[in-house]
Structure formats: structure tokens, C-alpha cells
Amino acid sequence: MSIEDLTFDAAGLIPAVVQQYDTREVLMVGWMNAEAVRRTAETGRSTFWSRSRQAYWVKGETSGNRQHVKQILVDCDADTLLVLVDQEGPACHTGTRSCFEHGEIDVKPSEVQA
């Protein structure tokens, strides 16, 4: 698959779910445009597009918490990426390993269907 085959939203972005490659732990979600996908694939370092700063950023460039990209997978609709990485240090800007350690929404158990 090529970058041209991806489906970007109206802003030219695609969500990228980032997972630790060996444990499949979900680390974070970022946004990429076509150039960020290209840079990630060419350098092996996660590169994202900052919607707030309107600029590219490479994970770990300032913090040292780098992501070494092992594989980029494309979902069935080509509108979401799964980036498998080897994470150095915390992935979240808050200092936690994962960005998904900050709360949980209670879910009512569903009834089992017979």
C-alpha cells in the first residue's frame, strides 16, 4: 500500500494509534498528514502533525522519549493507521507510560444473549 492509497479527512489528516510492538500496549494517538506518514516511514521515527501548533513534531525530539517505528499497519478502510513502535520512556506528555492511564468511563455489563 502507498501513502496515496490512504484516506485523509477534510483537514488532510489521518489518526495514528501507536502501540508497543511486542506487548501491543496502546500508548497514544496522534494525527498525521501525508508528509508525516512519509517522514515516519523514511526515518523510522514517529512524526506527527500538531493541529494546535500547525507544525510537524517528532516524538521524543525534545523529551528523549523516542518511538522507534517497527511497522505501520493500515486498517480496512485505509483511514486509520496502527503504528507499532519500540517506545523509549513514557509515551505521554504527562510522564506516564501510556496516554490511556488517566481515567475510565464505567460501562454497564451487557446481558449475555442465549
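Residues numbered from 1 in each chain as written. Predicted model: local features only at pLDDT ≥ 70, side-chain atom pairs only at ≥ 80, totals over all residues. Heavy atoms only, no water.

Caption draft 1: A look at the nonpolar core. By size, the foremost hydrophobic cluster in this structure holds 15 residues, and its most contacted members are Val18, Met32, Leu81 and Val83. With residues up to four places along the chain from it excluded, the contact list for Val83 reads Ala16, Val17, Val18, Gln19, Met32, Ser46, Val69 and Gln71. (Core = buried A, V, L, I, M, F, W, Y, C linked by side-chain atoms within 4.5 Å. Buried < 20%, exposed > 50% of the residue type's maximum accessible area, 1.4 Å probe, protein only. Contact = heavy atoms within 4.5 Å.)

Caption draft 2: Spotlight on the side chain of Ser46. Examined against the element boundaries, Ser46 turns out to sit in the loop between α1 (34-43) and β3 (47-50). Among the residues examined, Ser46 registers a relative accessible area of 0% and is labelled buried. One polar contact links Ser46 to Gln67, side chain to side chain, over a distance of 2.7 Å. Apart from the residues within four sequence positions on either side, Ser46 is in contact with Thr40, Trp57, Val58, Lys59, Gln67, Val69, Val83 and Val85. (Helix = DSSP H or I, 4+ residues; strand = E, 2+ residues; numbered from the N terminus. Polar contact = N/O pair within 3.5 Å; in protein donor to acceptor, adjacent residues only side chain to side chain.)

Caption draft 3: How the structure looks around the side chain of Ser98. Counting through the fold element by element, Ser98 comes out in the segment after β6 (81-87). Looking at Ser98, its side chain comes within polar contact range of the main-chain oxygen of Val26, at 2.8 Å. Here Ser98 is in contact with Glu25, Val26, Leu27 and Cys92, once residues within four sequence places are set aside.

Caption draft 4: Spotlight on the UniProt feature "domain: Phosphoribosyl-AMP cyclohydrolase" (unreviewed entry) in the chain. As annotated by UniProt and renumbered to match this structure, "domain: Phosphoribosyl-AMP cyclohydrolase" (unreviewed entry) occupies residues 28-101. Structurally, residues 28-101 comprises 14% helix and 38% strand, and the distance from its first C-alpha atom to its last is 10 Å. (UniProt positions renumbered as here; feature names shortened; annotations may be inferred.)

Caption draft 5: Seen up close, the environment of His68. Mapped onto the elements, His68 comes out in strand β5 (residues 67-74). Beyond its immediate stretch of four places on either side in the chain, His68 contacts Gly44, Arg45, Leu84, Val85, Asp86 and Glu88. Within polar-contact distance, the side chain of His68 engages the side chain of Glu88 at 2.5 Å.

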